[in-house]
Amino acid sequence: MKSSFAELTQNLPHHPILDKALSYFDDLPKIAIDCGCGAGNESAFLLQQNFIVHAFDSCPQAREICLQKLAEHAHFTFTLDRFERYQFPQASLIIALFSLFFCAPNRLDHVFEQIAEALVPQGIFLFQILGKEDTWVIRDSEQFIGFERIALEQKFGTEFEILFIDEFKGNKPLANGTLKYWHFYTLILRKKH
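Every value quoted in this text rests on a predicted model; they were computed, and no experiment measured them.

Colleague: Could you clarify how one ought to interpret the environment of Glu-117 in this entry?
Modeller: Along the polypeptide, Glu-117 turns up in helix α5 (residues 108–118). Each C-alpha atom of the pair Glu-117 and Cys-66 lies 26 Å from the other, and the pair is 51 residues apart in sequence. If near-sequence neighbours (up to four positions away) are discounted, Glu-117 is found in contact with Gln-90 and Lys-191.

Dropping the structure here:
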């Protein structure tokens, strides 16, 4: 039986890019949303940093793992949901690590609007989005959207200050070990006043 992403990654530490995002985090209420949270590795780290964490994922296994792993945390809530339907609460940190590109392409702009609306002024948005050369974008352009750096800068430059943008191109394994050619951007944005 095929294991889910959450099952394959449940014992991993949080992504180090989250530390970088937190280095930009000013004196704001410690309320975070972990979008497509998987096994809750980032949520667990944020809870250790005294954040209130709202997490969601569409995978039932992610729900099981998160609720088991983080059951003792009163400041953690999990919702079994997709980007397209999730009701974003107000937050000062929103993260979407290796998850946002699974949003339905025709709903992505709406989701970005929802995220911008949920984020308080000076709040931080950390996410990854696929580039045009990614294998998934090339093979299934109806399911996955690829972006160019200039388009991302134009898309977010008005409402957000772009604090960090990094581009990755290369082969890296998926959680199940299958090698894949990745092309993705990692962005850290701060919402303007």
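Having put the structure on the table, let's press on.
Colleague: Just checking my understanding: could you explain unusual backbone geometry for this structure?
Modeller: Negative phi values dominate among residues other than glycine, just as trans dominates among peptide bonds. Of note, the phi angle at Phe-98 is positive, near 50 degrees, even though the residue is not glycine. Relative to the elements of secondary structure, Phe-98 occurs in the loop between β4 (91–96) and α5. Its identity as a non-glycine residue notwithstanding, Gln-122 has a phi of 75 degrees, on the positive side. Within the secondary structure, Gln-122 sits in strand β5 (residues 119–130).

Colleague: Please clarify how the pairing of β5 should be interpreted in this entry.
Modeller: Residues in a regular strand point their side chains to alternate faces of the sheet. For β5, a buried count of 10 out of 12 residues is recorded, marking the element as mostly surrounded by other parts of the structure. The pairing of β4 with β5 spans 5 bridges and is classified as parallel. By the bridge assignment, Ile-95 is partnered in β5 with Leu-126. Taken together, β4, α5 and β5 form a β-α-β motif whose crossover is right-handed. In terms of strand pairing, β5 meets strand β7 (residues 179–191) through 7 bridges, oriented antiparallel. Looking at β7, one finds that Ile-124 is bridged to Arg-190.

Colleague: How do you make sense of the sheet that holds strand β3 (residues 76–80) when you look at a structure like this?
Modeller: The strands making up a sheet associate through hydrogen bonds between their backbones, and the pairing can be parallel or antiparallel. Read from one edge to the other, the open sheet built from 7 strands follows the order β3-β2-β1-β4-β5-β7-β6, with strand pairing classed as mixed. The open sheet has two free edges, formed respectively by β3 and β6 (160–173), since each of these has just one partner strand. On average, each strand axis in the sheet is inclined to that of its neighbour by 10 degrees, with strand direction left out of account. Its contacts with the sheet put helix α3 (residues 41–48) on β1 (31–35), β2 (52–57), β3 and β4, and the angle it makes with β2 is roughly 175 degrees. Contacting β2 and β3, helix α4 (residues 60–69) runs over the sheet at an angle of about 165 degrees to β3.

Colleague: Which parts of the structure should I look at to understand the pattern of salt bridges?
Modeller: Between side chains of opposite charge, pairing is possible as soon as their charged atoms come close. All chains considered together, the criterion is met by 8 salt bridges. For Arg-82, the salt bridge identified is with Glu-84, shortest N-O distance 3.3 Å. The closest approach of N and O atoms between Glu-153 and Arg-149, which form a salt bridge, is 3.0 Å. Placement of both Glu-153 and Arg-149 in helix α7 (residues 149–156) is noted, with a separation of 4 residues, approximately one turn of the helix. In this structure Glu-153 comes out as partly exposed when scored by relative accessible area, which is 29%. When its relative accessible area of 34% is taken as the criterion, Arg-149 is described as partly exposed. The network of salt bridges with shared partners includes Asp-26, Glu-161 and Arg-190.

Colleague: Hey, could you run me through α3 in this one?
Modeller: Note that an α-helix has 3.6 residues per turn; residues three or four places apart therefore point the same way. Counting buried residues along α3, 7 of its 8 residues qualify, which places the element largely inside the surrounding structure. Every buried residue belonging to α3 is among Asn-41, Glu-42, Ser-43, Ala-44, Phe-45, Leu-46 and Leu-47, and all of these are buried. Just beyond α3, the residue with positive phi is Asn-50, at close to 70 degrees.

Colleague: What is the right way to look at the packing of aromatic side chains in this model?
Modeller: Aromatic ring pairs are defined here through the distance separating the ring centres and the angle between the ring planes. Tallied over the entire structure, the rule returns 24 aromatic pairs. Residues Phe-125 and Phe-160 carry aromatic rings whose centres are separated by 6.4 Å and whose planes lie at 45 degrees to one another, so their mutual orientation is tilted. Remark: Phe-160 occurs in strand β6 and Phe-125 occurs in strand β5; sequence separation between them is 35 residues. By the burial criterion, Phe-125 is buried, and Phe-160 matches it. By way of ring pairs, the aromatic residues Phe-98, Phe-101, Phe-102, Trp-136, Phe-144, Phe-168, Trp-182 and Phe-184 are connected into one cluster. The ring of Trp-136 is capped by Lys-180, whose NZ or CZ atom sits 4.3 Å from the centre of that ring. Seen from the ring of Trp-182, Lys-180 lies directly overhead, with NZ or CZ sitting 3.6 Å from the centre.

Parameters at a glance
- Residues numbered from 1 in each chain as written.
- Predicted model: local features only at pLDDT ≥ 70, side-chain atom pairs only at ≥ 80, totals over all residues.
- Heavy atoms only, no water.
- Helix = DSSP H or I, 4+ residues; strand = E, 2+ residues; numbered from the N terminus.
- Contact = heavy atoms within 4.5 Å.
- Buried < 20%, exposed > 50% of the residue type's maximum accessible area, 1.4 Å probe, protein only.
- Pairing = 2+ DSSP bridges.
- Right-handed = clockwise from strand over helix to strand, strands pointing away.
- Axes fitted to C-alpha atoms, helices over the stretch in contact; angles between N-to-C directions.
- Salt bridge = Lys/Arg side-chain N within 4 Å of Asp/Glu carboxyl O.
- Phe/Tyr/Trp six-rings, centres within 6.5 Å; stacked < 30°, edge-to-face > 60°.
- Lys NZ or Arg CZ within 6 Å of the ring centre and 35° of its normal.

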